[in-house]
Amino acid sequence: MTNMIPISLLELALVAQDSNAGTTFEKTKEIAQLADTLGYKRFWLAEHHNMPHVASAATVVLIGYIAGQTQQIRVGSGGIMLPNHSPLIVAEQFGTLETLYPGRIDLGLGRAPGTDTQTAMAIRKDFFEQSRQFPQNVETLETYFSESNATANVRAFPAEGTNVPIWILGSSRESAVLAASKGLPYAFAGHFAPREMLVAFQLYRDNFQASEFWDRPYAMACVNAIAADTDLEAEILSTSLYQMFGNLVLNNRKPLQPPVDSLSNLMNSLSEEARFQVNQMTACTFAGSKQTLAAELKEFIRYSRVDELMISSPIFDHQDKMKSLRLLKEVMDSLNQDQ
């Protein structure tokens with residue numbers, strides 16, 4: 001490691017078994033406040049729809065709530081699914097957030113709907129056309145944020161001149177090339193689709209064109225990470241994550257499940273096809289003690305050459321999750337001190 005690697009946190013506001021959205025929002029606030037106190041760099045929330053146990057559907061509202069409950073941590077979207085929205089409305093919303101919380105708001109943009117096809121069409125009838133227009137809509141959004149739009153007939157207030165940092169999010173080579181061509185930072189969704197991550201990062205670096213905002217490529221990987229006092233305890237905590245992905249593959253909509261005693265028994269209970277899919281989706285999952293995570297994350301950072309690490313930690317018990325976040329920050333602090 002040659003540079004300081006910040007650690008950030010992605011949250012889906014997952015509703016656990018026997019819980020509800022209100023309790024989940026309270027826990028999300030407490031997690032954000034802890035991350036803020038510990039020195040995490042960012043706290044991002046993701047846009048999903050028609051998922052009964054993902055409470056971050058009104059992503060902008062939740063970002064505002066979290067920003068208002070924290071002091072220093074950057075709060076943003078991981079991401080806003082731009083084809084669902086008018087660029088003008090997104091600019092107005094994030095310009096408002098930036099005005100309320102100056103220097104603390106990030107706008108991560110994705111191309112997918114964050115939901116199923118039928119729901120995507122319910123959100124916006126021309127979703128698929130807007131998806132194809134994603135690069136042009138990113139450019140339109142940049143224009144609304146810029147001071148140079150002051151003479152246009154259509155302007156975004158109070159966004160104009162705020163220059164909210166825009167990130168391109170993705171899980172493919174296409175998103176990497178787009179981020180590179182626009183000179184924007186790039187975040188890869190390794191927490192559920194890691195297969196093309198290394199290739200995408202290389203394409204991004206090779207094709208990066210400096211912009212007025214960034215003079216060099218800046219790559220962030222989002223991975224699953226769970227820390228506990230022992231490797232076995234962390235593995236048991238991780239079974240909630242593996243159940244979540246198993247239920248996703250099987251289209252079995254359930255809240256976040258409590259952990260089970262054996263990860264191997266859990267995986268063996270799946271069909272061969274489902275097990276293969278879950279293993280693909282969780283290939284960038286790190287679970288263990290501080291010592292184990294220090295070795296594994298150091299190696300991951302070395303070969304991925306990321307500039308920043310973002311973690312997703314679907315842990316069932318709130319206190320276990322809070323402890324995991326503390327341990328993970330200690331791991332990253334030790335790696336940065338040892339460089």
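Coordinates for the structure precede this section.
Residues numbered from 1 in each chain as written. Predicted model: local features only at pLDDT ≥ 70, side-chain atom pairs only at ≥ 80, totals over all residues. Heavy atoms only, no water.

### Digging into the overall build of the chain
Looking only at helices and strands, one finds 13 helices and nine strands in the chain. What you see for the chain is a C-alpha radius of gyration of 19 Å, in line with the 20 Å of a compact globule of 339 residues. For the chain, the C-alpha atoms occupy an extent of roughly 65 × 45 × 35 Å along the three principal directions. Taking all 339 residues of the chain together, 53% fall into the buried category. Summed over all atoms, the accessible surface of the chain reaches about 14,900 Å², with 50% contributed by carbon and sulfur. Taken as two groups, the 27 positive and 37 negative side-chain charges of the chain have centres that lie 2 Å from each other. (Helix = DSSP H or I, 4+ residues; strand = E, 2+ residues; numbered from the N terminus. Rg over C-alpha atoms; globule rule 2.2 N^0.38 Å. Buried < 20%, exposed > 50% of the residue type's maximum accessible area, 1.4 Å probe, protein only. Areas by Shrake-Rupley, 256 points an atom, 1.4 Å probe, with all protein chains shown as cover. Lys, Arg positive; Asp, Glu negative; His and termini not counted. Charge placed at Lys NZ, Arg CZ, Asp CG, Glu CD.)

### Description of the packing of helix α9 (residues 231–249) against helix α11 (residues 272–281)
A packed helix pair is summarised by two numbers, namely the angle formed by the two axes and the spacing between the axes. For the pair α9 and α11, interaxial distance at closest approach is 9 Å and the crossing angle is 125°. As the angle between them shows, α9 and α11 are arranged oblique. You can see that α9 and α11 cross each other, and the crossing is right-handed. Along the contact surface, α9 presents Tyr242, Phe245, Gly246, Leu248 and Val249, while α11 presents Ala274, Gln277, Val278 and Met281. (Axes fitted to C-alpha atoms, helices over the stretch in contact; angles between N-to-C directions. Parallel < 35°, antiparallel > 145°, perpendicular 65-115°, else oblique. Left-handed = near helix turned anticlockwise from the far one by under 90°. Contact = heavy atoms within 4.5 Å.)

### Some remarks on the packing of aromatic side chains
Aromatic rings considered in pairs are described by the distance between their centres and by the relative angle of their planes. For the structure on display, the rule yields 11 aromatic pairs. Consider the rings of Trp167 and Tyr218, whose centres lie 5.8 Å apart with planes at 80°: the pair is edge-to-face. Here the residue Trp167 occupies a position in strand β5 (residues 166–170), and Tyr218 occupies one in the loop between α8 (197–207) and β7 (219–227), the gap between them amounting to 51 residues. Take Trp167: its relative accessible area is 1%, and that puts it in the buried class. By relative accessible area, which is 8% here, Tyr218 ends up buried. Here Tyr186 and Phe188 contribute two aromatic rings whose centre-to-centre distance is 6.3 Å and whose plane-to-plane angle is 80°, an arrangement assigned as edge-to-face. The pair Tyr186 / Phe188 is uniform in exposure class, with both members buried. Put simply, the rings of Tyr186, Phe188, Phe201, Tyr204 and Phe208 touch in pairs and so form one group of aromatic residues. (Phe/Tyr/Trp six-rings, centres within 6.5 Å; stacked < 30°, edge-to-face > 60°.)

### A short note on the nonpolar core
Counting 85 residues, the largest nonpolar core has Phe94, Leu107 and Ile311 as the members making the most contacts within it. For Phe94, the contacting residues outside a window of four places in its chain are Val60, Ile63, Ser77, Ile80, Ile105, Asp106, Leu107, Phe145 and Val164. One finds Phe245, Met267, Leu270 and Val278 within the second-largest nonpolar core, a separate group that totals 15 residues. (Core = buried A, V, L, I, M, F, W, Y, C linked by side-chain atoms within 4.5 Å.)

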